[in-house]
Amino acid sequence: WGFYGHKTVALLASRYLLPETSTFVQTFLYRGQTIMDAAVWADRYAHIPLGRYSKTWHYIDAKDDPPRSCGVMYSRDCGGSGCIVSALVNMTARIQDEELPWAQRAQALRFILHFLGDIHQPLHTEHASLGGNLIKVHFHGTEINLHSAWDSRIIESFLGKPTERGIISLTNTLEDRINNGIYNPSAFSTWKNCLNTSAEETCPLVWANGANRWVCEYVLKDGDIKGKEIAGEYADGALPIIEESIAMAGFRLAGWLNMLVTGRDGLD
Ligand code: ADE
Ligand code: ZN
Ligand code: ZN
């Protein structure tokens, strides 16, 4: 995601943190740094030489064959340099490791805040065309790649640039949708039901598989999107998927942090 996705995920999560979790998170932010700032750090870091090693941690390259087949398999898809699933597992262990220096644990928090977002972006769970980066499409007449459409261009075309006002407003909207039960109850139960079952990579794999299903069911459903104009029907249908994915990511981020700090998800 871009700023809209990541900052909204972080702000939405902050609304569902238990008091003890909130205090814990604050401990690992720099003075004056918001949870939203912390959530976007990992993309800058991946692009400087020092942080290049973490580039592969932002996605898992599912080698399925969309739209015919979808599905993430850890052993097949994670890759030797690590992926978003292994990174989440490792950073979750590191933030809890009291032997590590503060700066290392603070960095682990920034990775977690970011990766909970990215793992819900369908194209961050897909190998095909480098997660859509190599698929050129047109959007309102401009040539862009499909990956950036899903990361930021579609949502910004509806909501504008990711200003503080815009992010607060989207966060409020998504919080209302969650709290007013507009999401189908049986689907909504899957938003949190893996948190209590087991630890390690179970939840990240469940989340990645959920996002990857959208690749077959919507993102690349018609196969040959290359060269097409996506404004209109395609972008209109993508918006609710993007918004729900961001809502789910924020809610699950809160549950994940609550679990690791207090041992309960706090999502009642
Ligand atoms: N590079 C390779 N695969 C990618 C993906 N799924 N998302 C973003 N960048 C990638
Ligand atoms: Zn992306
Ligand atoms: Zn990222």
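Everything numeric in this text was worked out from a predicted model, so none of it was measured.

### Examining the overall build of the protein
On a plain count of helices and strands, the protein comes out with 11 helices and 2 strands. In sequence order, the secondary structure elements of the protein are arranged as α-α-α-α-α-α-β-β-α-α-α-α-α. Taken along the three principal axes of its C-alpha coordinates, the protein extends 50 × 40 × 35 Å. Residues counted as buried form 45% of the 268 residues belonging to the protein.

### Some thoughts on the site of ligand 1
Neighbouring ligand 1 are Tyr59, Asp61, Leu123, His124, Glu126, Leu130, Gly131 and Asn133. Across the shell around ligand 1, the residue classes tally to 3 nonpolar, 3 polar and 2 charged.

### Structural notes on helix 6 (residues 102-118)
In a regular helix each residue adds 1.5 Å, so 17 residues correspond to 24 Å; helix 6 covers 25 Å between its end C-alpha atoms and thus fits that length. For helix 6, a buried count of 12 out of 17 residues is recorded, marking the element as mostly surrounded by other parts of the structure. All buried positions along helix 6 are accounted for by Gln107, Ala108, Leu109, Arg110, Phe111, Ile112, Leu113, His114, Phe115, Leu116, Gly117 and Asp118. Along its buried surface, helix 6 packs onto helix 1 (3-14), helix 2 (19-27), helix 3 (35-46), helix 5 (84-96) and helix 11 (233-262).

### Observations concerning the confidence of the model for the protein
Mean pLDDT for the protein: 96, with 100% of residues reaching 70 or above. Taken together, the chains of this predicted complex give a pTM of 0.97 and an interface ipTM of 0.92.

### Quick word on the pairing of strand 1 (residues 136-139)
Residues in a regular strand project their side chains so that they alternate between the two faces of the sheet. Burial along strand 1 is one-sided: the face carrying Val137 and Phe139 is buried and the face carrying Lys136 and His138 is not. Where strand 1 lies against strand 2 (residues 142-145), 4 bridges are found, and the strand directions are antiparallel. Bridge pairing in strand 2 links lysine 136 to asparagine 145. Hairpin connection, strand 1 to strand 2: the antiparallel pair is bridged by 2 residues, and histidine 140 has positive phi, about 50 degrees.

### Brief notes about unusual backbone geometry
Of note, the amide linkage connecting proline 66 to proline 67 takes the cis form, showing an omega dihedral of 0 degrees. With respect to the secondary-structure elements, proline 67 resides in the loop between helix 3 and helix 4 (74-77). One non-glycine residue, serine 129, adopts positive backbone phi at about 50 degrees. Of note, serine 129 is situated in the loop between helix 6 and strand 1.

### A closer look at the nonpolar core
For soluble globular proteins, nonpolar side chains are generally found buried alongside one another. Ranked by internal contacts, the top residues of the largest apolar core, which has 78 residues, are Ile84 and Ile112. It is helix 11 that contributes the most residues to this core, 13 residues altogether. When sequence neighbours within four positions are dropped, the list of residues in contact with isoleucine 112 reads Leu88, Met91, Thr92 and Ile95.

Rules used in this analysis
Residues numbered from 1 in each chain as written. Chains lettered and ligands numbered in written order. Predicted model: local features only at pLDDT ≥ 70, side-chain atom pairs only at ≥ 80, totals over all residues. Helix = DSSP H or I, 4+ residues; strand = E, 2+ residues; numbered from the N terminus. Buried ≥ 20, exposed ≤ 12 C-beta atoms within 10 Å, placed from the backbone. Near = placed C-beta within 6 Å. Nonpolar A, V, L, I, M, F, W, Y, C, P; charged D, E, K, R; others polar. Expected span 1.5 Å × (residues − 1). Contact = placed C-beta atoms within 7 Å. pLDDT = per-residue confidence, 0-100. Pairing = 2+ DSSP bridges. Core = buried A, V, L, I, M, F, W, Y, C linked by C-beta atoms within 7 Å.

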